[in-house]
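Summary of structural features
Single-letter residue listing:
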Amino acid sequence: MRIGVPRETAEGERRVALVPEVAAKLVEAGHEIVVEGGAGSAASFADAAFAEAGATVGESVWDADVVVKVQKPSAVEAARLHSGAVLIGFLQPLTDTEGIERLTEQGVVGFAMESIPRITRAQSMDALSSQATVGGYKAALIAADRLPRFMPMLTTAAGTVQPAKILVIGAGVAGLQAIATARRLGAVVFGFDVREAVREQIESLGAKFLDLGVKGEETAGGYATELTPEQQAQQQAELEKRLPEFDVVITTAAIPGRPAPKLIPASAVEAMRPGSVIVDLAAETGGNCELTEPGEDIDHGGVTIVGRLNLPSEMAYHASQLYARNVQALLNHLAPEGELVLDFDDEITSGACVTRKEAKPE
Ligand code: NAD
């Protein structure tokens, strides 16, 4: 197969969908890889490294059999795909109706990385998890950077410094990584999630579970369901009481396909001590804090609220490497013998496929 790797053009996107390590494996498996010049440079992968891996560095990436991307293509880019081409990327099937319609009309076979079923068999393709791991790690580092305090306890000649106290709300993939990273930095860490099953995972990382007395339901897929308005009000009220104890709050709470639940009202921020930091990883879907401004860092009465978007892009090297391995696993699934065999009776293939060339009536 001829696999094209365009340079990402979405604002602020530094990642690339394939890295030289993965390109070399695909070349070894008999595929031809064409990488657009400069595609990996923002993620620290030079054109020369792709060439060394056996890929061709050129411009004709959009007419390949399979085009692999991180972000969905722009309208101009999508127009360059031919009918029947396979496109892989974060295609945003739940929110980008226009883009999905465009690809369908063009006869592009689109596989959305976020739609791959989160079943054991598909774990190696799970880009939501790989990128959330990067986001959670980075969130803890941003908190450490913005905090006017040390994270660990220090005993110095000038006396003892108390460790920072951190709360991570939402202990899915990103939250658990934020907890682990904050622990490594020496902070005293608490975690909270509406899924009771997560308590054990929080504790196994050496953090404490903050009991807010709010328990939600869990779907068969392991996701939280939305809280009732009464439960949400109770959660907000409990958090407002507890937040002043913390120097840092990292929020990652999300319900798939829904706006982020609002957990921290303005009044709760106002009750926090000056110098405290909130890193809102849910900024992408509106934010868990009422005052979060997506894409901005703001100061509210001395409390910093970080609403930075696309944290994985800020650690583009490893984010791209993990993403590329996820893409490779999907490619191996779609083309086990080297040629595409799209079996739409297969749960992974049909789950991930969000646009498809309509079969012409006989
Ligand atoms: P996510 O990003 O959708 O949500 C993040 C977290 O927010 C979840 O843990 C959720 O319970 C929590 N949350 C939702 N509403 C909340 C609220 N009001 N207050 C506090 N927390 C709230 O989730 P994710 O990290 O992508 O994945 C969640 C779970 O999915 C995992 O922990 C796991 O059980 C499952 N999963 C399974 C696989 C697999 O089997 N292959 C892979 C990845 C994830």
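Structural notes, computed from the coordinates. This is a predicted model, so every value here is computed, not measured.

Conventions used here
- Along each chain, the written sequence defines residue order, and numbers are assigned to residues from 1.
- For a predicted model such as this one, the threshold for reporting local features is a pLDDT of at least 70, and the threshold for listing and counting side-chain atom pairs is 80 or more; totals across whole chains, interfaces and linings nevertheless cover every residue.
- Derived side-chain values reflect all non-hydrogen atoms in the structure, with water molecules and hydrogen atoms excluded from consideration.
- Nearness of a residue to a molecule or strand requires only that one of the residue's heavy atoms be within 4 Å of it.
- Any pair of N or O atoms that falls within 3.5 Å is considered a polar contact. Within protein, one atom must be able to donate a hydrogen and the other to accept it, and sequence-neighbouring residues count only if both atoms are side-chain atoms.
- Every accessible area reported is derived by Shrake-Rupley at a probe size of 1.4 Å, with residue values counting cover from the shown protein chains alone.
- Note on residue categories: nonpolar means Ala, Val, Leu, Ile, Met, Phe, Trp, Tyr, Cys or Pro, charged means Asp, Glu, Lys or Arg, and polar means any other residue, Gly included.
- What counts as a helix is a DSSP run of H or I of at least four residues, what counts as a strand is a run of E of at least two, and both are numbered from the N terminus.
- Multiplying one less than the number of residues by 1.5 Å gives the expected span of a helix.
- A simple rule labels every residue: compare its accessible area, found with a 1.4 Å probe on the protein chains alone, to the largest value its type can have, and call it buried under 20%, exposed over 50%, or partly exposed in between.
- Whether two residues are in contact is decided by their heavy atoms: any pair within 4.5 Å suffices.
- The nonpolar core is taken to be a set of buried Ala, Val, Leu, Ile, Met, Phe, Trp, Tyr and Cys residues, with the residues joined through side-chain atoms within 4.5 Å.
- A pair is scored as a salt bridge if a Lys or Arg side-chain nitrogen falls within 4 Å of a carboxyl oxygen belonging to Asp or Glu.
- Only C-alpha atoms enter the line fits that serve as axes; for helices the fit covers just the stretch in contact. Angles between N-to-C directions range over 0 to 180 degrees.
- Reported orientations rely on four angle classes, namely roughly parallel under 35 degrees, roughly antiparallel over 145, roughly perpendicular from 65 to 115, and oblique for the rest.
- Should the near helix be turned counterclockwise from the far one by less than a right angle, the crossing is left-handed, whereas a clockwise turn marks it as right-handed.
- Should DSSP find at least two bridges between two strands, the strands are taken to pair.

With that settled, the discussion passes to the site of the ligand. Looking at the ligand, there are 25 residues lining it, with Arg-118, Val-173, Asp-193, Arg-195 and Gln-235 nearest. Contact distances for the ligand include 2.7 Å between an oxygen atom and a backbone N or O atom of Val-173. Residue Gln-235 places a side-chain N or O atom 2.9 Å away from a nitrogen atom belonging to the ligand. The fraction of the free accessible surface of the ligand (850 Å²) that becomes covered by protein chains is 84%. Grouping the amino acids of the shell around the ligand by side-chain chemistry returns 13 nonpolar, eight polar and four charged.

Our next topic: helix H5 (residues 127-146). Taking 1.5 Å of rise per residue, 20 residues should cover 28 Å, and H5 covers 28 Å from first to last C-alpha, within 8% of that figure. Of the residues making up H5, those classed as buried are Ala-127, Ser-129, Ser-130, Gln-131, Val-134, Gly-135, Gly-136, Lys-138, Ala-139, Ala-140, Ile-142 and Ala-143.

Moving on, we get to the environment of Ile-278. Position of Ile-278 among the secondary structure elements: in strand S13 (residues 277-280). Overall, the relative accessible area of 0% leaves Ile-278 in the buried class. Look past the residues within four positions of Ile-278 in its chain and what remains in contact with it is Val-249, Val-269, Met-272, Cys-289, Val-303, Thr-304, Ile-305 and Val-306.

This paragraph deals with the nonpolar core. Within the largest apolar cluster, 54 residues are counted, with the highest numbers of intra-cluster contacts made by Ile-250 and Ile-264. Judged by nonpolar contacts, the second largest core, of 43 residues, contains Val-19, Ile-33, Ala-316 and Leu-334.

Turning to the pattern of salt bridges, a few remarks are in order. The tally for this structure, following the rule as stated, stands at 21 salt bridges. Linking Arg-146 and Asp-297 is a salt bridge whose minimum nitrogen-to-oxygen distance equals 2.5 Å. With Arg-146 in helix H5 and Asp-297 in strand S14 (residues 297-300), this residue pair connects regions lying 151 residues apart in the sequence. Taking relative accessible area as the criterion, Asp-297 reaches 31% and is therefore assigned partly exposed. Look at the salt bridges and you will find they share partners, linking Arg-2, Glu-32 and Asp-63 into a network.

Below, the discussion takes up the packing of helix H1 (residues 20-28) against helix H11 (residues 316-334). It is the contact of H1 with H11, at a shortest axis distance of 9 Å, that shows an interaxial angle of 20 degrees. In terms of orientation, H1 and H11 fall into the roughly parallel class. Every pair of crossing elements has a handedness; the one defined by H1 and H11 is right-handed. Residues Glu-21, Val-22, Lys-25 and Leu-26 of H1 lie in contact with H11, whose contacting residues are Gln-321, Ala-324, Arg-325, Gln-328 and Leu-331. In the contact of H1 with H11, the residues fall into four nonpolar, two polar and three charged.

Taken together, the seven strands give an open sheet; going across it, the order is S11-S10-S9-S12-S13-S15-S14, and neighbouring strands pair in mixed fashion. Every other strand in the sheet has two partners, leaving strand S11 (208-209) and S14 as the edge strands with one partner each. Here three bridges tie S13 to strand S15 (residues 303-306), and the two strands are oriented parallel to one another. Opposite Val-277, over in S15, you have Thr-304 as the bridge partner.

Located in the positive-phi region is Ser-44, a residue other than glycine, with phi close to 70 degrees. On the secondary structure map, Ser-44 appears in the loop between strand S2 (32-36) and helix H2 (47-52). Relative accessible area serves as the criterion here: at 58%, Ser-44 is assigned to the exposed category. Even without a glycine there, the phi angle at Gln-92 is positive, about 55 degrees. Looking at where Gln-92 falls in the secondary structure, it is placed in the loop between strand S5 (86-90) and helix H4 (97-106).

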